[in-house]
Amino acid sequence: MRRPSGRTLITALSGASLVLNLVFAGLLWWRPTPAPRGGRGFDRMVARIEAALPAPDRPRFQAVLAAERPRYAGSLAAMRAASAEVDAVMRRDPYDPVALRDALAVWAERMVAFNREFGETLAEALAAVSPEGRAQIAAARRPGG
């Protein structure tokens, strides 16, 4: 049996390395990635609305949200705190279903209060965008239906 020369061995190893690198690069390049979560529920909702808007409408929408933030910031913080408490109660050991029901009730009350306050802001923000922008938000609001 004939032993391959050093040059042949290096050429074969280089070729194999190149093929493996191409395969790995392909896996990284074409691998489906999950959609980024991008923040909390409220932040994701605002990002989805902004993404649905035509580019000229986005600054107007954002300006109203920024100007109106004092109106809803307190209730948003209270809702987030109540949500964090729900998570904390769920993690406790021993588990207390009564404490979870109580925490969920507080969270629901705070969510209703936030929705009421932010609804006013959202109505003002949508008044600042074009009819086309409002139509695009409505179309994007319920994916698939």
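Conventions adopted
- Residues numbered from 1 in each chain as written.
- Predicted model: local features only at pLDDT ≥ 70, side-chain atom pairs only at ≥ 80, totals over all residues.
- Heavy atoms only, no water.
- Axes fitted to C-alpha atoms, helices over the stretch in contact; angles between N-to-C directions.
- Helix = DSSP H or I, 4+ residues; strand = E, 2+ residues; numbered from the N terminus.
- Parallel < 35°, antiparallel > 145°, perpendicular 65-115°, else oblique.
- Left-handed = near helix turned anticlockwise from the far one by under 90°.
- Contact = heavy atoms within 4.5 Å.
- Nonpolar A, V, L, I, M, F, W, Y, C, P; charged D, E, K, R; others polar.
- Buried < 20%, exposed > 50% of the residue type's maximum accessible area, 1.4 Å probe, protein only.
- Polar contact = N/O pair within 3.5 Å; in protein donor to acceptor, adjacent residues only side chain to side chain.
- Core = buried A, V, L, I, M, F, W, Y, C linked by side-chain atoms within 4.5 Å.
- Salt bridge = Lys/Arg side-chain N within 4 Å of Asp/Glu carboxyl O.
- 1 Å grid on protein atoms, 1.4 Å probe; cavity = no way out; pocket = protein on both sides within 12 Å on 5 of 7 lines; lining within 4 Å.
- Points joined across faces, edges and corners; volume = space filled by probe spheres on them.

Visitor: What am I meant to see in the packing of helix α2 (residues 41–52) against helix α3 (residues 58–91) here?
Guide: In helix packing, the relevant descriptors are the interaxial angle and the interaxial distance, both defined with respect to the helix axes. Contact geometry for α2 and α3: axes closest at 12 Å, N-to-C directions at 165°. Classified by the interaxial angle, the pair formed by α2 and α3 is roughly antiparallel. You can see that α2 and α3 cross each other, and the crossing is right-handed. Counted together, Phe 42, Asp 43, Val 46, Ile 49, Glu 50 and Ala 51 of α2 and Arg 58, Phe 61, Gln 62, Leu 65, Arg 69, Tyr 72, Leu 76 and Arg 80 of α3 form the full contact between these two elements. Residue classes in the contact of α2 with α3 are distributed as 8 nonpolar, 1 polar and 5 charged.

Visitor: It is not clear to me how the side chain of Asp 57 should be interpreted in this structure. Could you clarify?
Guide: Secondary-structure assignment places Asp 57 in the loop between α2 and α3. Residue classification places Asp 57 among the buried residues on the basis of a relative accessible area of 2%. For Asp 57, the side chain forms a polar contact with the side chain of Ser 130, separated by 2.6 Å.

Visitor: Can you walk me through the nonpolar core in this structure?
Guide: A general trend in soluble globular proteins is that nonpolar side chains are found buried together. Of all hydrophobic cores here, the largest spans 16 residues; its most connected members are Phe 42, Phe 61, Leu 65, Tyr 72, Leu 76, Phe 114 and Phe 118. When residues of this core are traced back to their parent elements, those giving at least two are α2, α3 and α4 (97–127). Looking at this core element by element, the count peaks at 6 residues for α3. Contact partners of Tyr 72, with chain neighbours within four places excluded, come to Phe 42, Leu 65, Phe 114, Glu 117, Phe 118 and Thr 121. Formed by 5 residues, the second largest nonpolar core is a distinct cluster that contains Val 86, Val 89, Ala 99 and Ala 103.

Visitor: Sorry, what's going on with the pattern of salt bridges here?
Guide: If you walk through the whole model with that rule in mind, you get 5 salt bridges. When the shortest N-O distance is used, the salt bridge between Asp 57 and Arg 60 registers 2.2 Å. The class for Arg 60 is partly exposed, based on a relative accessible area of 39%. Counted as one network, the salt bridges with shared partners bring together Glu 68, Arg 71 and Glu 120.

Visitor: What is the right way to read the layout of surface pockets from this model?
Guide: Gaps left between atoms show up when a probe the size of a water molecule is rolled over them. What the largest pocket holds in volume is close to 370 Å³. Contributing to the lining of the largest pocket are 17 residues, with Gly 41, Phe 42, Met 79, Met 111 and Phe 114 lying nearest its centre. At the level of elements, α2, α3 and α4 are the ones that each hand at least two residues to the lining of the largest pocket. When residues of the lining of the largest pocket are assigned to their parent elements, the largest contribution, 7 residues, is made by α4. The residue inventory of the lining of the largest pocket, partitioned by class, reads 10 nonpolar, 4 polar and 3 charged. Looking at the second largest pocket, its volume works out to about 240 Å³. For the lining of the second largest pocket, the secondary-structure elements that each account for two or more residues are α2, α4 and α5 (131–141). Counting residues per element, the lining of the second largest pocket draws most heavily on α2, at 4 residues. By residue class, the composition of the lining of the second largest pocket is 8 nonpolar, no polar and 2 charged.

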